[in-house]
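Below, each chain spelled out in residue letters.
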Amino acid sequence: MVWICGTYNFASTFSYRIPYFSSSYALSAPAPSPSTIKLAIVASAINRTGNINAGKTLFEKIRTSEVLMELPEKISIFKVFLKRLKKKRQEQAFESTFGIREYVIYNGPLKIYLNVPESSSEAIIEALRNIQFLGTSDSICTCTHTAKVAQPPAKCAKPHSTTEQEKTNGIIFLLTDFTNKATFDAANPYTKKKLRKDEDIISKPYIFPIKVIKKDKNCTVYASL
């Protein structure tokens, strides 16, 4: 197993809805979840090669890979009141409605680290290079650097355990990741299968080494510890 890293700059804002929050009140985590990152890698491989089996193979390789995120020095998260279209129940039509969504602004790049099989590392690095968005489809990003690394830095956001003996400073956000039971067909949005909560996909508390430095009704500014 080896660690690989992708560095991303976002064109404007980023948004990833915290698991199980309503789409009409979608608060955002400071970074995309492991499951979102893995699906972006798979989608990137399929879009680049046109080979669905290549994406399926990568999914099986990274399904349970450890994922860590390194945030920039400062981030801002703000709420937006927006108009949206909601699908009507048991109908093909849509209805106009309103909702609140949080968006994130980074003052620097986001770095993503994955622990992957060495035999698949080059294919995964190539997929990382070609990711075009993370989170919502308007969270457009560009990969500026990829590399193998010896070890991720200590300041990365990482899974948090209540059994840890050492005190860890930071703020906890709930993210999602795949279990070893998850299948490519269940993760594929073009099939009738669905990801099963607690069977295929689970929530994980991640601790982000950040602190609040400014907050008002609609905006919060964080800085790294």
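Our structure is the block above this text.
So, a few notes on the structure that sits alongside this text. Here the structure is a predicted model, which means the values were calculated and not measured.

### Looking at the packing of aromatic side chains
Phase 1: Using the criterion set out here, one finds seven aromatic pairs in the structure.
Phase 2: On the numbers, 5.2 Å between centres and 70° between planes, the contact of phenylalanine 59 with phenylalanine 178 is edge-to-face. Of the two residues, phenylalanine 59 is situated in helix 2 (residues 52-62) and phenylalanine 178 in strand 9 (residues 171-178); the sequence distance between them amounts to 119 residues.
Phase 3: With a centroid separation of 6.3 Å and an interplanar angle of 65°, the aromatic rings of phenylalanine 59 and phenylalanine 184 are classed as edge-to-face. Separated by 125 residues along the polypeptide, phenylalanine 59 in helix 2 and phenylalanine 184 in helix 4 (residues 184-187) bring together distant segments of the chain.

### Looking at the nonpolar core
Phase 1: Grouped together as the largest cluster of nonpolar side chains are 49 residues, with contacts concentrated most on Tyr8, Ile41, Met69, Tyr106, Leu114, Leu134 and Phe208.
Phase 2: Broken down by element, this core gets its largest block of residues, five residues, from helix 1 (residues 34-49).
Phase 3: Residue contacts for tyrosine 8: discarding those within four places in its chain leaves Pro109, Leu110, Ile112, Leu128, Ile131, Leu134, Cys141, Thr142 and Cys143.
Phase 4: Of all hydrophobic cores here, the second largest spans five residues; its members include Trp3, Cys5, Leu68 and Tyr113.

### Structural notes on the sheet that holds strand 11 (residues 210-215)
Phase 1: What the five strands build is an open sheet, ordered 2-5-4-12-11; its pairing is mixed. Each of the sheet's edge strands pairs with one partner strand only, and the pair in question is strand 2 (25-26) and strand 11.

### A closer look at the sheet that holds strand 9
Phase 1: Taking strand neighbours across the sheet as the criterion, the three strands line up as 8-10-9 in an open arrangement whose pairing is antiparallel. Each having just a single partner strand, strand 8 (158-159) and strand 9 make up the two edges of the open sheet.
Phase 2: In this structure, strand 9 lies alongside strand 10 (residues 201-208), joined through eight bridges in antiparallel fashion. Bridge pairing links phenylalanine 173 to tyrosine 206 in strand 10.
Phase 3: Across the sheet, helix 1 touches strand 9 and strand 10, and the angle it forms with strand 9 is around 45°.

### Focus on the packing of helix 1 against helix 2
Phase 1: In contact at an axis separation of 8 Å, helix 1 and helix 2 are set at 155° when each is read in the N-to-C sense. The orientation of helix 1 relative to helix 2 falls into the category roughly antiparallel. In this structure, helix 1 meets helix 2 at a crossing whose hand is right-handed. Residue-level inspection shows Lys38, Ile41, Val42, Ala45, Ile46 and Thr49 of helix 1 in contact with helix 2, the latter providing Ile52, Ala54, Gly55, Leu58, Phe59 and Ile62.
Phase 2: When the residues that make up the contact of helix 1 with helix 2 are grouped by side-chain class, the tally is nine nonpolar, two polar and one charged.

### A word on the environment of lysine 79
Phase 1: Within the fold, lysine 79 resides in strand 4 (residues 74-87).
Phase 2: We classify lysine 79 as partly exposed; its relative accessible area is 26%.
Phase 3: Along the sequence, lysine 79 and valine 104 sit 25 residues apart, while their C-alpha atoms lie 9.1 Å from each other.
Phase 4: Apart from residues no more than four positions distant in its own chain, lysine 79 is found in contact with Tyr25, Leu27, Ile100, Arg101, Glu102, Lys217 and Asn218.
Phase 5: Only 3.3 Å separates the side chain of lysine 79 from the side chain of glutamate 102, close enough to count as a polar contact.

Parameters at a glance
Residues numbered from 1 in each chain as written. Predicted model: local features only at pLDDT ≥ 70, side-chain atom pairs only at ≥ 80, totals over all residues. Heavy atoms only, no water. Phe/Tyr/Trp six-rings, centres within 6.5 Å; stacked < 30°, edge-to-face > 60°. Helix = DSSP H or I, 4+ residues; strand = E, 2+ residues; numbered from the N terminus. Core = buried A, V, L, I, M, F, W, Y, C linked by side-chain atoms within 4.5 Å. Buried < 20%, exposed > 50% of the residue type's maximum accessible area, 1.4 Å probe, protein only. Contact = heavy atoms within 4.5 Å. Pairing = 2+ DSSP bridges. Axes fitted to C-alpha atoms, helices over the stretch in contact; angles between N-to-C directions. Parallel < 35°, antiparallel > 145°, perpendicular 65-115°, else oblique. Left-handed = near helix turned anticlockwise from the far one by under 90°. Nonpolar A, V, L, I, M, F, W, Y, C, P; charged D, E, K, R; others polar. Polar contact = N/O pair within 3.5 Å; in protein donor to acceptor, adjacent residues only side chain to side chain.

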